[in-house]
Amino acid sequence: MLNELKNKNPEIEFYGVDSAEFETFGRVVTGMDISEIMSQAQNIEKPESGSSYLPGVDAFEKLSIAGEIKRNIYGEGRVQIGYCWGYNTMFNATEWHTASELNIAITDIVLILGHVWDVKDGKIDSKAFKAFYVPAGTVLEVYATSLHYCPCQVSDEGFGCVVGLPLGTNTPLDGEYEDTLLFRKNKWIIAHEDNKELIAKGVKGGISGINYEIKY
């Protein structure tokens, strides 16, 4: 699959998460029993089109893996375990948080990642990003310094990815701030300049260059 994605997407650097290139973006987490959460996530019906995101899924947060994530990834901090799923093939935007994000790939997915230090005055060129193929069943810690956004699918069946974050992340802000990139609690985001729909919602456009579309 990785070689096929490389061949079909020559405009972006493509790697596996087992590569040296991934080491500054995150790490593969081993030793977690993800069978229950995989099963529950696979039973969630996909939207008719587009992607959906829930910051917290009650059924996920009741599983034993929730305690393991809280202890081993977030040092007993308060966490939420949500789900991002549906259909997406576009880069479109990038975001970051002040803590690592845990990802459990329910299906094969592609993550398009960059480094937060490459953002200058709210702007970044898409050539600063790399694509990473993540096989189903892989658990990742994506570091706080990694720019990321909605996963991309690698089949017509769409994608699914469990998302663990500090409690409250990605929920509406309580106040107004001078920081124009702060869009939700613990969520800074920049849209691609071509993404008029996201910009119309108040997200600042600042990504130039190719708005990558992952082909499979």
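Residues numbered from 1 in each chain as written. Predicted model: local features only at pLDDT ≥ 70, side-chain atom pairs only at ≥ 80, totals over all residues. Heavy atoms only, no water.

Observations regarding the overall build of the protein
- Helices and strands together make up the secondary structure of the protein, namely five helices and 16 strands.
- Here the C-alpha atoms of the protein give a radius of gyration of 16 Å, agreeing with the 17 Å that 2.2 N^0.38 yields for 216 residues.
- When its C-alpha atoms are laid out on the principal axes, the protein stretches across 45 × 45 × 35 Å.
- Taking all contacts inside the protein whose residues are at least 6 apart in sequence as the whole, residues at least 24 apart take part in 77%.
- By element, 46% of the accessible surface of the protein is carried by carbon and sulfur atoms, the whole surface being about 10,400 Å². (Helix = DSSP H or I, 4+ residues; strand = E, 2+ residues; numbered from the N terminus. Rg over C-alpha atoms; globule rule 2.2 N^0.38 Å. Contact = heavy atoms within 4.5 Å. Areas by Shrake-Rupley, 256 points an atom, 1.4 Å probe, with all protein chains shown as cover.)

Thoughts on the pairing of strand β13 (residues 159-166)
- Within β13, eight of the eight residues are buried, which leaves it mostly tucked inside the rest of the structure.
- In this sheet, β13 lies alongside strand β4 (residues 79-86) in antiparallel orientation, the contact comprising eight bridges. Paired with cysteine 84 across the strands is cysteine 161, a residue of β13.
- The pairing of strand β6 (residues 101-105) with β13 spans four bridges and is classified as antiparallel. Along β13, the bridge assignment pairs leucine 102 with glycine 164. (Buried < 20%, exposed > 50% of the residue type's maximum accessible area, 1.4 Å probe, protein only. Pairing = 2+ DSSP bridges.)

Side note on the layout of surface pockets
- Considered as a void within the structure, the largest pocket measures approximately 800 Å³ in volume.
- Around the largest pocket, the lining is made up of 29 residues, and of these Ser51, Tyr149, Cys150, Lys187 and Leu198 lie nearest the centre.
- Class assignment for the residues of the lining of the largest pocket results in 14 nonpolar, nine polar and six charged. (1 Å grid on protein atoms, 1.4 Å probe; cavity = no way out; pocket = protein on both sides within 12 Å on 5 of 7 lines; lining within 4 Å. Points joined across faces, edges and corners; volume = space filled by probe spheres on them. Nonpolar A, V, L, I, M, F, W, Y, C, P; charged D, E, K, R; others polar.)

Comments concerning the pattern of salt bridges
- Tallied over the entire structure, the rule returns six salt bridges.
- In this structure, the salt-bridge partner of glutamate 141 is arginine 27, at a minimum N-O distance of 2.6 Å. Placement of glutamate 141 in strand β10 (residues 139-142) and of arginine 27 in strand β2 (residues 26-28) is noted, with a sequence separation of 114 residues between them.
- Residue glutamate 141 is classed as buried on the basis of its relative accessible area of 12%.
- Note that aspartate 58 is salt-bridged to lysine 62, the shortest N-O span being 3.0 Å. (Salt bridge = Lys/Arg side-chain N within 4 Å of Asp/Glu carboxyl O.)

Re empty space enclosed by the protein
- On inspection of all chains with the given rule, the structure shows one cavity of 30 Å³ or more.
- In this structure, the largest cavity occupies an estimated 40 Å³ of space.
- The biggest single contributor to the lining of the largest cavity is strand β7 (residues 109-115), with three residues.
- Residues that form the lining of the largest cavity fall into these classes: 10 nonpolar, no polar and no charged.

Quick notes on the side chain of threonine 89
- Note that threonine 89 resides in the loop between β4 and β5 (93-96).
- Judged by its relative accessible area of 17%, threonine 89 is buried.
- Aside from chain neighbours lying at most four places away, what touches threonine 89 is Cys152, Gln153, Tyr212, Glu213, Ile214 and Tyr216.

Here we look at the nonpolar core
- Ranked by size, the top nonpolar core spans 23 residues in total, and within it Ile37, Ile104 and Val162 carry the most contacts.
- Secondary structure elements with two or more residues in this core: α2 (35-42), α4 (64-72), β4 and β6.
- Setting aside chain neighbours within four positions, we find valine 162 in contact with Ile37, Ala41, Phe60, Ile81, Gly82, Tyr83, Leu102, Asn103, Ile104 and Ile106.
- Judged by nonpolar contacts, the second largest core, of 22 residues, contains Trp96, Ile124, Phe129 and Leu181. (Core = buried A, V, L, I, M, F, W, Y, C linked by side-chain atoms within 4.5 Å.)

Section: α2
- Of the residues making up α2, those classed as buried are Ile37, Met38 and Ala41. One face of α2 carries all of its buried residues, which in axial projection span an arc of 105°.
- Looking at the buried residues of α2, the elements they touch are α3 (58-61), α4, β4, β6 and β13. (Arc of directions from axis to C-beta.)

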